[in-house]
Protein chains: 2
Amino acid sequence: METDGPARPNGPAETDGLAAAGGLETRELRYFVAVAEELHFGRAALRLGIAQPPLSRAIARLERRLGGVRLLARTSRSAALTEAGAVLLREARSALDAVDAAERRTRRAASTSTGGPGLVLVAKAGASSELLAKLLDAYAAEPGAVPVDVVLCGIAQQSRLLRDGRADVALLHLPFDDTTGLDTEDLYTEGQVLVLPAGHPLATRPRVSMAEAASLLDLPLPRWPDADGRYADGPGPPAHDTTQLYQLIALGRGAAILPESCRTNLRPDLATVPVPDAPAVTTLIAWPPHSRSRPLAALIHTATRR
Amino acid sequence: METDGPARPNGPAETDGLAAAGGLETRELRYFVAVAEELHFGRAALRLGIAQPPLSRAIARLERRLGGVRLLARTSRSAALTEAGAVLLREARSALDAVDAAERRTRRAASTSTGGPGLVLVAKAGASSELLAKLLDAYAAEPGAVPVDVVLCGIAQQSRLLRDGRADVALLHLPFDDTTGLDTEDLYTEGQVLVLPAGHPLATRPRVSMAEAASLLDLPLPRWPDADGRYADGPGPPAHDTTQLYQLIALGRGAAILPESCRTNLRPDLATVPVPDAPAVTTLIAWPPHSRSRPLAALIHTATRR
DNA sequence: CGTCTCCATACCTCCACGGTATCGACGTGC
DNA sequence: GCACGTCGATACCGTGGAGGTATGGAGACG
């Protein structure tokens, strides 16, 4: 049937031809990321909801499409990332975030006209709450303001939410947060204070230095979860948010060095002592590059104009 | 055959099920970008090398997968972008750049160990050549330096090369280049000078102001191509690179305001006059976020340590 | 040396992609 | 006003690839 005739009946004719151009489907990238994270084809397949053999084939095909690059060093017992595989893992995560962002932002662009949220702002729970309240009030008073959803999240998840399109804009804090790949404007800089139980001996001091805090303090500094939601090993109790943190401090289980502005909403059983030589904390507003919609630009303008 | 039995014979079972989660293949995005750019299904199909009906269906499927969003307003005569379509066009371009970057960087990571270039640096032809030469020399002297390919390109294409993985690092110039979405470090700030034919009356002045340059100058300022390689309408001859520009000036067809450092390699038949009130030009080194390989970090370190 | 684990291969089924043919809608020219 | 051209949508078909199960081969372990 395909012998001759006026026209070739069909055929992708270049979908599989050579390794070459324009390939890399997102499915393949998702599969590779799963395998690279699990370092185990069986578990990765389980996570992806497919069987193991198709996954093996998909990875092999991906390697072929990249020109015969070995992404994983397989023994018949396990799998390890090659150098190229490590590069692809990093790049694939970023690319998949961008694809997810494309989907989410498009969906929201469509739902905005039908009453969905116009902007999603993400902030750390308990941080810069006064600044945030003022910003939201000021923006709401602007002509043409759209509804703003506020998402409060844990530490260090904000930039991910921005990158994969779940949020449009974030309040971040230097030097704690990572701003690489984001556009930012500084909003506010402040010093830091030591937060202690009200009855603690140091609580009556007019100020303490970082060195004094480290040496005189008999309380451990709590640990925050990292970007994966895990807690690093070490001393001190784990704290997930400021409420937990304050309670731990009130219970005499720890102390913390926080930006001054935490004093506005502090529990009465906690005390603060300025730490003049602690690094200054800058609150800034951040958004993904190339995503300046009109409402976002207005919000940024409102935030920086003061 | 699929009535019962010990196991369901096969079936993607969720590939097309609902609109839902984790979709958006890059092929669909490429198709959509082609249609959105052409605003014509037939031409887009031609460009993509497929027939028109499959393209129509692919776009329709994409709209369904996004939850019934209308991306294109079709009349039976033509197609126009909806608001959501415009959002997806922007986001899809960025996502496809990221996917392409993943592919390119992985290929290069694999070829690096087999003698390929270690880093690709992109700079505007004719700009900052002295700085660039010093940087390359200093980096080459570092222990563990890898080969650096230098790509010279026209104006305003550099950030694209960085974003889609064809280059690893660039020399950009504020306030001319767009640095959104890139990580940067400032390298050098300098004033600007007016570049004239050697015999021009203004060439003997010790300095000129911007206002004087605008009013006294009888020569037009040449036009540079924009990011798409097109020339905006307006007066003045079009110039593609500094060689063309210098020749145009030498021929008495124009003048230009350029950073001081252009004087190091200037033709003898051109003269320069300082313009003290012209905006300062900052040369900076830029790289894509989350791509700090060890050689790249070393190059950036070398560049900023002076 | 059997057994278990883990990745690869073999072989099957079916959907989705791509192809051609054609229709319906809308301008356009005589 | 009606034939015609254009453009997108629909109908129908064939194939490739994505997914499935069954099984093989290689190394770790008792």
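Right above here is the structure, for reference.
The following refers to the structure shown. Just so you know, these numbers come straight off a predicted model, no measurement behind them.

## Section: the overall build of chain A
So, point 1. A tally of helices and strands in chain A yields nine helices and 10 strands.
So, point 2. Counting over 306 residues, chain A shows a buried share of 42%.
So, point 3. A separation threshold of at least 6 residues defines the contact pool for chain A, and within that pool the share at least 24 residues apart is 65%.
So, point 4. By element, 54% of the accessible surface of chain A is carried by carbon and sulfur atoms, the whole surface being about 15600 Å².

## Remarks on the sheet that holds strand E8 (residues 256–259) of chain A
All names here are of chain A.
So, point 1. Across the sheet, which stays open at both edges, the three strands sit in the order E8-E7-E9 with antiparallel pairing between neighbours. Of all strands in the sheet, those with a lone pairing partner are E8 and strand E9 (270–275), marking the two edges. Across this sheet, the average inter-strand angle for adjacent strands is 40°, counted without regard to direction.
So, point 2. Taken together, the six bridges between strand E7 (residues 192–197) and E9 define a ladder with antiparallel strand orientation. Bridged to Pro197 within E9 is Leu270.
So, point 3. Packed onto the sheet, helix H8 (residues 242–250) meets E7, E8 and E9 and runs at close to 135° relative to E8.

## Considerations on the sheet that holds strand E3 (residues 119–124) of chain A
All names here are of chain A.
So, point 1. The strand order across the open sheet formed by five strands is E4-E3-E5-E10-E6, and the pairing between neighbours is mixed. A single partner strand is all that each edge strand has here, and the edge strands are strand E4 (148–153) and strand E6 (183–190). Recorded for the sheet is a direction-independent mean angle of 25° between the axes of neighbouring strands.
So, point 2. As paired strands, E3 and E4 are joined by six bridges and run parallel to one another. Considered in E4, the bridge of Leu121 is made with Val150.

## Focus: the relation of the copies chain B and chain A
So, point 1. Rotating chain B by 180° and translating it 0.0 Å along the rotation axis places it on chain A, where the RMSD comes to 0.2 Å. The two molecules are tied by a two-fold rotation axis, judged by turn and shift. Relative to the rotation axis, the closest C-alpha in chain B is found at Gly181 of chain B, a distance of 2.5 Å.
So, point 2. Residue by residue, 100% of the interface of chain B is reproduced at the interface of chain A, so both copies engage with the same surface.

## What about the packing of helix H1 (residues 26–38) of chain B against helix H2 (residues 41–48) of chain B?
The relative placement of two packed helices is expressed as an angle between their axes plus a distance between the axes.
All names here are of chain B.
So, point 1. H2 packs onto H1 with a crossing angle of 130° between their chain directions and a minimal axis gap of 8 Å. Regarding the angle of H1 to H2, the classification is oblique. The crossing of H1 and H2 is right-handed. On H2, the residues that touch Arg30, Tyr31, Val33, Ala34, Val35, Glu37 and Glu38 of H1 are Phe41, Arg43, Ala44, Arg47 and Leu48.

## Focus on the interface of chain B and chain A
Interfaces are often sized by the accessible area lost when the parts come together.
So, point 1. Opposite the 40 residues of chain B that make contact, chain A presents 40 residues.
So, point 2. When the buried surface of chain B facing chain A is broken down by residue, Glu91, Thr106 and His290 of chain B rank first, second and third, together holding 17% of it.
So, point 3. Counting the contacts that link chain B with chain A gives two salt bridges.
So, point 4. Taking the shortest distance from any N to any O, the salt bridge between Arg105 of chain A and Glu91 of chain B comes out at 3.2 Å.
So, point 5. Counting every contact that joins chain B to chain A gives 18 residue pairs in polar contact (both at pLDDT 80 or more).
So, point 6. Broken down by secondary-structure element, the contributors of at least two residues to the side of chain B that touches chain A are H1 and helix H4 (83–112) of chain B.
So, point 7. A per-element tally of the side of chain B that touches chain A places H4 of chain B first, with 17 residues.

## Examining helix H2 (residues 41–48) of chain A
Note that an α-helix has 3.6 residues per turn; residues three or four places apart therefore point the same way.
Residues and elements named next belong to chain A.
So, point 1. Among the residues making up H2, those that are buried are Phe41, Ala44 and Ala45. The arc that holds the buried residues of H2, viewed along the axis, is 100°, so those residues lie on one side.
So, point 2. Phi turns positive, to about 75°, at Gly49, one or two residues after H2.

## Side note on the side chain of Ser159 of chain A
So, point 1. With respect to the helices and strands, Ser159 of chain A occurs in helix H6 (residues 158–163).
So, point 2. Its relative accessible area of 14% is what places Ser159 of chain A among the buried residues.

## A word on the nonpolar core
So, point 1. Ranked by size, the top nonpolar core spans 62 residues in total, and within it Phe32 and Leu88 of chain A together with Phe32, Leu71 and Leu88 of chain B carry the most contacts.
So, point 2. Counting residues per element, the ones that place at least two in this core are helix H1 (26–38), H2, helix H3 (52–65) and helix H4 (83–112) of chain A together with H1, H2, helix H3 (52–65) and H4 of chain B.
So, point 3. Setting aside chain neighbours within four positions, we find Leu88 of chain B in contact with Ala102 and Thr106 of chain A together with Leu29, Phe32, Leu62, Leu66, Leu71 and Arg93 of chain B.

## Here we look at H8 of chain A
Residues and elements named next belong to chain A.
So, point 1. Burial in H8 covers these residues: Thr242, Leu245, Tyr246, Leu248 and Ile249. On an axial view of H8, the arc spanned by its buried residues comes to 160°, and they lie on one face.
So, point 2. Looking at the buried side of H8, the elements it contacts are E7, E8 and E9.
So, point 3. Phi for Gly252, located one or two positions after H8, is positive at around 75°.

Cut-off values and rules
Residues numbered from 1 in each chain as written. Chains lettered and ligands numbered in written order. Predicted model: local features only at pLDDT ≥ 70, side-chain atom pairs only at ≥ 80, totals over all residues. Heavy atoms only, no water. Helix = DSSP H or I, 4+ residues; strand = E, 2+ residues; numbered from the N terminus. Buried < 20%, exposed > 50% of the residue type's maximum accessible area, 1.4 Å probe, protein only. Contact = heavy atoms within 4.5 Å. Areas by Shrake-Rupley, 256 points an atom, 1.4 Å probe, with all protein chains shown as cover. Pairing = 2+ DSSP bridges. Axes fitted to C-alpha atoms, helices over the stretch in contact; angles between N-to-C directions. Least-squares fit on C-alpha atoms with pLDDT ≥ 70 in both. Parallel < 35°, antiparallel > 145°, perpendicular 65-115°, else oblique. Left-handed = near helix turned anticlockwise from the far one by under 90°. Buried area = accessible area lost by both parts, 1.4 Å probe. Salt bridge = Lys/Arg side-chain N within 4 Å of Asp/Glu carboxyl O. Polar contact = N/O pair within 3.5 Å; in protein donor to acceptor, adjacent residues only side chain to side chain. Arc of directions from axis to C-beta. Core = buried A, V, L, I, M, F, W, Y, C linked by side-chain atoms within 4.5 Å.

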